[in-house]
Amino acid sequence: AGVRMTILASREHTCIHPTISKSFNKNQDCQDLMDRRKGGGCRFQANVKQKMASHHSVRAYIGSDQAWDLEELVKAGKKVKACPYYATRELKNSAQIILCPYNYLVEPRIRKSMEIFLKNQIVILDEAHNIEDSAREAASGKFKLDDVTAALQDCERMVEHDILPGVHGGLAAFLSRLGTWMQKSAEDAKDYSDFNSSTKVWTGTSGMAEWNEILFYPETYGDIKIKLQEALKEQSAAFEQNNEDGADEGHTKVLSKMTSDLLDGIFSVLDFMHRKDSLYRDDYRMSVVKAQERKKGGKARGWTGKGDVPSLVSTVTLNFWCLNPGVCFDEMLDCKSIVLTSGTLSPMVTFASELEVKFPITLEANHVIDKSQ
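Bear in mind that the values here come from a model prediction, so they are computed numbers and not experimental data. (Residues numbered from 1 in each chain as written. Predicted model: local features only at pLDDT ≥ 70, side-chain atom pairs only at ≥ 80, totals over all residues. Heavy atoms only, no water.)

(A) Representation of the nonpolar core. Counting 94 residues, the largest nonpolar core has Phe174, Leu175, Leu178, Trp181, Trp211, Leu270 and Phe320 as the members making the most contacts within it. A total of nine residues in this core trace back to one element, the largest contributor, which is helix H12 (residues 165–187). When near neighbours in sequence (up to four residues on either side) are disregarded, phenylalanine 174 contacts Trp211, Leu215, Phe216, Ile224, Leu263 and Phe267. (Core = buried A, V, L, I, M, F, W, Y, C linked by side-chain atoms within 4.5 Å. Buried < 20%, exposed > 50% of the residue type's maximum accessible area, 1.4 Å probe, protein only. Helix = DSSP H or I, 4+ residues; strand = E, 2+ residues; numbered from the N terminus. Contact = heavy atoms within 4.5 Å.)

Below, the structure is given as structure tokens:
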């Protein structure tokens, strides 16, 4: 009782805006609403500082001094018309206990956006047998050719508006090389095939050798990475400037969040592959998959009847598959202590080997079911 706590969760479970809460893409729609040029701000978010920024006020609105759950916070948020999503982030700054999904801890981009700092913290992972899959997924990536093309066009628009033309021009050139390489690789995707897809696969070493020869020339991986960091700084400054100016003022052209997310996602994976003198490079497989997929928003949904034609489109997808959970889990070792609990961690030696971590203290309890049963 009285312990300062918060629960970090996505907008999917915490948004109370009457329109955004019903939308398909709550993250993007919320960001558009918060952009004064587009939506003019959210009245629920504006009320957070006044009504739900302290642990005392949240407990008062919930009506209990005990630990609360997300449903109780959402109910309180609706009652006082304050956003539960932004309330949880405000409460995080002074919380003694923070509850969150695995991916908030293991995915570097989520940690950065949520401002989660693990150094000298005590981390407890419940149901820890699931952490291996979460860590592998966090260090992996999936990128579609259509999104690469859209990002290329976005960078070219920034050049046309004369906003860091050298930076955005370099990123556009990289995306152009990437799109061309994906298209050519898709045409040669013969390693694996099934009824509606074909795949070409590389080891991490062979894939990066090809990228260094084709994609990172004439500019190297390091050159493009520096340009991305400069573009992200410019994007952040432009967002702040536009929000300060308001909807009625002239606004600066801004690199879209979809473009920055795509580039940041690609280089986040590449960063894992380059760490420790490329120690983890062969813990990866790279692939390009050409497939026939159901068109988004197509008329044919679910089962198709006689004479119905499924609305299919051809897609090209670049995948980075991380095969070693230790690649990502390595980042969590800045913690003061990590406690993993589960009913199914045995054999613990194998589990520790998979995560590439030595656990100096272990406790393995006896089965609660008698051997005779």
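(B) Structural detail: the environment of lysine 26. Relative to the assigned elements, lysine 26 resides in helix H2 (residues 26–34). Through-space distance from the C-alpha of lysine 26 to that of alanine 53 is 22 Å; in sequence the pair is 27 residues apart. In contact with lysine 26, not counting residues within four places along its chain, are Arg11, Glu12, Ile20 and Ser21. In this structure the side chain of lysine 26 is engaged in a polar contact, spanning 3.2 Å, whose partner is the side chain of glutamate 12. From its side chain, lysine 26 meets the backbone oxygen of serine 21 in a polar contact 3.4 Å long. (Polar contact = N/O pair within 3.5 Å; in protein donor to acceptor, adjacent residues only side chain to side chain.)

(C) Examining the pairing of strand E4 (residues 141–144) more closely. A one-sided burial pattern is seen for E4, the buried positions being Gly141 and Phe143 and the unburied ones Lys142 and Lys144. In the sheet, E4 pairs with strand E8 (residues 312–322) via four bridges, with the strands oriented antiparallel. Paired with phenylalanine 143 across the bridge in E8 is leucine 318. (Pairing = 2+ DSSP bridges.)

(D) Spotlight on helix H13 (residues 204–214). When H13 is considered as a whole, its buried residues turn out to be Gly204, Gly207, Met208 and Trp211. Down the axis of H13, the buried side of the element spans an arc of 95 degrees, and every buried residue falls inside it. Tucked inside the fold, the buried residues of H13 contact H12, strand E6 (197–203), helix H15 (257–278), strand E7 (284–294) and E8. (Arc of directions from axis to C-beta.)

(E) View of unusual backbone geometry. A cis amide bond, omega 10 degrees, links tyrosine 217 with the succeeding residue proline 218. Residue position: proline 218 is located in the loop between H13 and helix H14 (221–245). In this structure, leucine 164 takes a positive phi of about 40 degrees despite not being glycine. Mapped onto the elements, leucine 164 comes out in the loop between helix H11 (145–160) and H12.

(F) Spotlight on the pattern of salt bridges. Evaluated as defined, the whole model comprises 15 salt bridges. Residue glutamate 331 is joined to arginine 275 by a salt bridge in which the shortest nitrogen-to-oxygen separation is 2.5 Å. Residue glutamate 331 is located in the loop between helix H16 (326–329) and strand E9 (337–340), and its partner arginine 275 is located in helix H15; the two are separated by 56 residues in the primary sequence. Each of the two residues, glutamate 331 as well as arginine 275, counts as buried. (Salt bridge = Lys/Arg side-chain N within 4 Å of Asp/Glu carboxyl O.)

(G) Here's a closer look at the packing of aromatic side chains. Evaluated as defined, the whole model comprises eleven aromatic pairs. Here the aromatic rings of tryptophan 181 and tryptophan 202 are separated by 5.0 Å at their centres, their planes lie at 35 degrees, and the arrangement is tilted. A residue pair is termed long-range when its members are at least 10 positions apart, and tryptophan 181 in helix H12 and tryptophan 202 in strand E6 qualify at 21 residues. A relative accessible area of 7% means that tryptophan 202 is categorised as buried. Ring centres of phenylalanine 216 and tyrosine 221 lie 5.7 Å apart, and the angle between their planes is 80 degrees; this geometry places the pair in the edge-to-face category. You can call tyrosine 221 buried: its relative accessible area is 13%. (Phe/Tyr/Trp six-rings, centres within 6.5 Å; stacked < 30°, edge-to-face > 60°.)

(H) The sheet that holds E4, seen in detail. Taken together, five strands build an open sheet; the order of strands is E4-E8-E7-E6-E5 and the sheet is antiparallel. The open sheet has two edge strands with one neighbour each: E4 and strand E5 (192–193). The pairing of E7 with E8 spans eleven bridges and is antiparallel. Paired with glutamine 292 across the bridge in E8 is serine 314. Contacts between H13 and the sheet are confined to E6, E7 and E8, with E6 contributing the most and set at about 90 degrees to the helix. (Axes fitted to C-alpha atoms, helices over the stretch in contact; angles between N-to-C directions.)

(I) Region of interest: empty space enclosed by the protein. This model, assessed by the stated rule, comprises one cavity of 30 Å³ or more. Estimated volume of the largest cavity: approximately 90 Å³. Lining the largest cavity we find Arg11, Cys15, Ile16, His17, Ile20, Cys30, Leu33, Cys42, Phe44, Cys83, Tyr85 and Tyr86. When residues of the lining of the largest cavity are traced back to their parent elements, those giving at least two are H2 and helix H7 (84–92). (1 Å grid on protein atoms, 1.4 Å probe; cavity = no way out; pocket = protein on both sides within 12 Å on 5 of 7 lines; lining within 4 Å. Points joined across faces, edges and corners; volume = space filled by probe spheres on them.)

(J) How the structure looks around the environment of glycine 326. Relative to the assigned elements, glycine 326 resides in helix H16. With 191 residues separating them along the chain, glycine 326 and alanine 135 place their C-alpha atoms 7.5 Å apart. In this structure, glycine 326 is in contact with Tyr280, Glu354, Leu355 and Glu356, ignoring residues within four places of it in sequence.

(K) View of the layout of surface pockets. The computed volume of the second largest pocket comes to approximately 870 Å³. Around the second largest pocket, the lining is made up of 30 residues, and of these Leu340, Leu345, Met348, Thr362 and Leu363 lie nearest the centre. Among the elements of the structure, E9 and helix H17 (348–355) are those that each provide at least two residues to the lining of the second largest pocket. Here the lining of the second largest pocket is composed, by residue class, of 18 nonpolar, nine polar and three charged. (Nonpolar A, V, L, I, M, F, W, Y, C, P; charged D, E, K, R; others polar.)

By themselves, these observations are geometric and do not establish any function.
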